[in-house]
Amino acid sequence: GQQVMQIPQYQHVQEGEDFTTYCNSSTTLSNIQWYKQRPGGHPVFLIQLVKSGEVKKQKRLTFQFGEAKKNSSLHITATQTTDVGTYFCHWASGGSYIPTFGRGTSLIVHP
Amino acid sequence: SQTIHQWPATLVQPVGSPLSLECTVEGTSNPNLYWYRQAAGRGLQLLFYSVGIGQISSEVPQNLSASRPQDRQFILSSKKLLLSDSGFYLCAWSVWTGGLSTDTQYFGPGTRLTVL
C-alpha cells in the first residue's frame, strides 16, 4: 500500500536559521497539501501543490512538489519565533475522500 | 463564510464515564465531516468520516462511535471512557471535489479530553 513518510519529527533551530520538512511517498501522489498547527491550536491549511515540479512561495515559505510527484518539501527561510508549530503534509489515499496526514514535523525556534 | 464549532473546549472525565462531543458546521451544505484524535505531541489519527446524513465510516476500531443526525452536525460518543481515550479531538469538514483531488480540511478549535 501507499506509504508516505514525513521527516524529521522534530527540528530545533536558532532564530534566523532555515528549516525544511519533507514528505516522501512510495507512490505517485495526485496532489499534496501542507498545514500548520500552532501549539495548542488546530491545523490550518497553508497551500496545495498539484503539478509536477511545482514551486509556490508564501513570504518566507517555499513549497515544492517533486517532478515525479512522489515527494514534497516545505522550506522556511530565516525562521522567526512565529514559525513555531507542527507542519503536516496531507494527501488523499487511493483517489478517495479518505484523508491522510503525515506524522508532522515540530519546529522549535530558539531566540 | 463557513465556520465550524466544537464543544466543549476542555473536558475532564473519569474512566468508565460516557462521552459526547459535538461539532457543527455553518455556511456550507452536504460537507464531508471528520473526527480526528491527536495524542500529546503526536500526529493526527482519523477516527471517523461521514459523506452524508447517517453515513459513518470508521477508520480505527475502538470504544468510540460517531453519528451524523443532521447534515451539518457530527457527534462523537463513547459509552465507557478508557484512560487511552485522552487526547485532543478535532472535528473537520471538507467539500469533496471528486476525482483524485485532495480536499482541503477545515478544522474546528478542538476538545482537549483528559480521562482520569
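Use the structure listed above.
Residues numbered from 1 in each chain as written. Chains lettered and ligands numbered in written order. Predicted model: local features only at pLDDT ≥ 70, side-chain atom pairs only at ≥ 80, totals over all residues. Heavy atoms only, no water.

Visitor: Could you clarify how one ought to interpret the packing of aromatic side chains in this entry?
Guide: Aromatic ring pairs are described here by two measures, namely the spacing of the ring centres and the angle between the planes. Within this structure, the stated rule accounts for 11 aromatic pairs over all chains. Residues A:Phe101 and B:Tyr36 carry aromatic rings whose centres are separated by 5.6 Å and whose planes lie at 85° to one another, so their mutual orientation is edge-to-face. Note that A:Phe101 is positioned in strand S10 (residues 99-101) and B:Tyr36 in strand S4 (residues 32-38), a pairing that runs across two chains. Neither A:Phe101 nor B:Tyr36 differs from the other in exposure class; each is buried. With a centroid separation of 6.1 Å and an interplanar angle of 25°, the aromatic rings of B:Trp35 and B:Phe74 are classed as stacked. On the criterion of sequence distance, the pair formed by B:Trp35 in strand S4 and B:Phe74 in strand S8 (residues 73-78) is long-range, its members being 39 residues apart. Positioned above the aromatic ring of B:Phe88 is the side chain of B:Arg112, whose terminal nitrogen or guanidinium carbon lies 4.0 Å from the ring centre. (Phe/Tyr/Trp six-rings, centres within 6.5 Å; stacked < 30°, edge-to-face > 60°. Helix = DSSP H or I, 4+ residues; strand = E, 2+ residues; numbered from the N terminus. Buried < 20%, exposed > 50% of the residue type's maximum accessible area, 1.4 Å probe, protein only. Lys NZ or Arg CZ within 6 Å of the ring centre and 35° of its normal.)

Visitor: Please explain the sheet that holds strand S7 (residues 61-65) of chain A as it appears in this structure.
Guide: Two strands in a sheet stick together by hydrogen bonds in their backbones, pointing the same way (parallel) or opposite ways (antiparallel). Residues and elements named next belong to chain A. Here five strands make up an open sheet; going across it, the order is S1-S3-S8-S7-S6 and the pairing antiparallel. In the strand order of this sheet, the two ends are held by strand S1 (4-7) and strand S6 (55-58), each with one partner. Adjacent strand axes in the sheet meet at a mean angle of 10°, parallel and antiparallel pairs treated alike. As defined by bridge partners, strand S3 (residues 19-25) adjoins strand S8 (residues 71-76) across six bridges and the pair is classed as antiparallel. Its bridge partner being in S8, Thr21 is matched across the sheet by Leu74. (Pairing = 2+ DSSP bridges. Axes fitted to C-alpha atoms, helices over the stretch in contact; angles between N-to-C directions.)

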